[in-house]
Amino acid sequence: MTARIIDGAKLSQTIRAQVAERAAQLAGQGVRPGLAVVLVGQDPASQVYVRNKVRACEQAGLHSVMEQYPASLSEDELLERVRALNADPAIHGILVQLPLPGHMNAHRVIETIAPEKDVDGFHVSNAGLLMTGQPLFRPCTPYGVMKMLEAEQVPLRGAEAVIVGASNIVGKPMAMLLLAAGATVTLCNSKTRDLAAQTRRADVLVVATGRPGIVDGGMIKPGAVVIDVGINRGADGKLCGDVDFASAQQVAGAITPVPGGVGPMTIAMLLVNTLEAAERAAARAPALSP
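So, here's what we can say about the structure.

The rules we used
Along each chain, numbering runs from 1 in the same order as the chain's sequence is written. Where totals are concerned, whole chains, interfaces and linings use all residues; where local detail is concerned, this predicted model gives features only for residues with pLDDT of at least 70, and gives and counts side-chain atom pairs only at 80 or more. With hydrogens and water stripped out, all remaining heavy atoms of the structure feed into the side-chain values. A helix here means a DSSP run of H or I that spans at least four residues, while a strand means a run of E at least two residues long, and both kinds are numbered starting from the N terminus. For the radius of gyration, the atoms used are the C-alpha atoms, and the globule rule reads 2.2 Å times the number of residues raised to 0.38. Throughout, exposure labels follow a simple rule: accessible area from a 1.4 Å probe, protein chains only, divided by the maximum for the residue type, with under 20% read as buried, over 50% as exposed, and the rest as partly exposed. Accessible areas in this description were obtained via Shrake-Rupley with a 1.4 Å probe; residue shielding takes into account the shown protein chains only. The convention is simple: Lys and Arg are positive, Asp and Glu are negative, and His and the chain ends are not counted. Here the site of a charge means atom NZ of a Lys, CZ of an Arg, CG of an Asp or CD of a Glu. For two strands to be treated as a pair, DSSP must find no fewer than two bridges joining them. Helix span, as expected, comes to 1.5 Å for every residue beyond the first. To obtain the arc, one takes the directions from the helix axis to the C-beta atoms. For this analysis, residues touch if any pair of their heavy atoms sits within 4.5 Å.

### Some words on the overall build of the protein
In terms of helices and strands, the protein carries ten helices and eleven strands. Taking 2.2 N^0.38 as the reference for a compact globule, 290 residues should give roughly 19 Å; the C-alpha atoms of the protein span a radius of gyration of 19 Å, in line with that estimate. Expressed as a percentage of the 290 residues in the protein, the buried residues total 48%. Split by element, the accessible area of the protein, about 13,500 Å² in all, is 54% carbon and sulfur. Across the protein, the 26 positively charged side chains and the 26 negatively charged ones have centroids separated by 3 Å.

### Looking at the pairing of strand 7 (residues 204–207)
Here strand 7 shows no split at all, with Val204 and Val206 on one side and Leu205 and Val207 on the other all buried. Note that strand 5 (residues 160–164) and strand 7 share four bridges and pair parallel. Counted as the bridge partner of Val164 is Val207 from strand 7. Pairing geometry for strand 7 and strand 8 (residues 225–228), over four bridges, is parallel. Across the sheet, the residue bridging to Val207 is Asp228, located in strand 8.

### Quick notes on helix 1 (residues 8–27)
The terminal C-alpha atoms of helix 1, which comprises 20 residues, lie 28 Å apart, in line with the 28 Å expected from a rise of 1.5 Å per residue. The complete set of buried residues in helix 1 reads Gly8, Ser12, Ile15, Arg16, Val19, Ala23 and Leu26. Down the axis of helix 1, the smallest arc covering the buried residues is 110°, so these residues share one side. Turned more than 90 degrees away from the buried face of helix 1, the exposed residues are Lys10 and Glu21. Summarising the contacts, the buried residues of helix 1 are in contact with helix 2 (44–59), helix 6 (140–151) and helix 10 (262–284).

### Points about the sheet that holds strand 7
Ordered by their spatial adjacency, six strands build an open sheet running 1-11-8-7-5-6, and the pairing between neighbours is parallel. In this open sheet, the two strands that pair with only one neighbour each are strand 1 (4–5) and strand 6 (184–188). With five bridges connecting them, strand 5 and strand 6 associate as parallel partners. What sits directly across from Val162, in strand 6, is Thr186.

### Describing unusual backbone geometry
Omega for the bond connecting Leu98 with Pro99 falls within 30 degrees of zero, at 5°, which places this linkage in the cis form. Checked against the element boundaries, Pro99 lands in the loop between strand 4 (93–96) and helix 4 (106–112). Residue Val258 is joined to Pro259 through a cis peptide bond whose omega torsion reads 0°. Examined against the element boundaries, Pro259 turns out to sit in the loop between strand 11 (254–255) and helix 10. Even without being glycine, Gln153 reaches a positive phi, approximately 55°. With respect to the helices and strands, Gln153 occurs in the loop between helix 6 and strand 5. Look at Asp194: it is not a glycine, yet its phi comes out positive at around 50°. Mapping Asp194 onto the fold places it in the loop between strand 6 and helix 8 (195–199). On the accessibility criterion, Asp194 (53% relative accessible area) is exposed.

What follows is the structure, encoded as structure tokens:
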């Protein structure tokens, strides 16, 4: 058996087109969705991610602002800038690119973003809403994974879902979304005993650890859907995921590639969250008197 490829790049283009259409409708009401992306420091990977996000906004008809600051910027200066963006009516979404320089408290910075503009979905207010099943924003990567599973018509109700990686950015919110869809969820971490015993039970396996090849074909249930969130650079300089693709493809029923799988979907869902933030802001705006 050779697994079918789940084409995140293709699905993301469909979603971006839908965003562009809705953004054009908002523009007709005098509202252009706006995203501010803040980058501190010179991390090369972060610079690439930020450029891709800004480009995607522009292509979908969204207003985007990229603010780049030196690593020497103080935390207080960054917080002051975030507060200014909170108050800017032309900005509906604020994204502070992580990681931040070591002298900054990332939690404090994220908590300074207004929850209604927290399009990453990382603010504790939004994390709490997600846990209670009433999300304002779904974190972009898990949201993108759910859209891929939906597009593939993967039955989640009653399915065994195993997540490898328990981060606040992917693993934990991924578990919440899968639980809400009716799956039985196992969340694995670095202390999990006999990881392979857990992954072999999975009808849906999501791997997000940042460790290349942590899961191979021998750890996968035949016919399972495998979602590889990891993106790493191998010894040969090529991008690879957390799953050994060659062996996994021979066992899985469907699998995401790296690159071209989850990555494009993460950016697409950032656009969706920004658009929804703008739509909510437009709905809250007082009507003009005739």
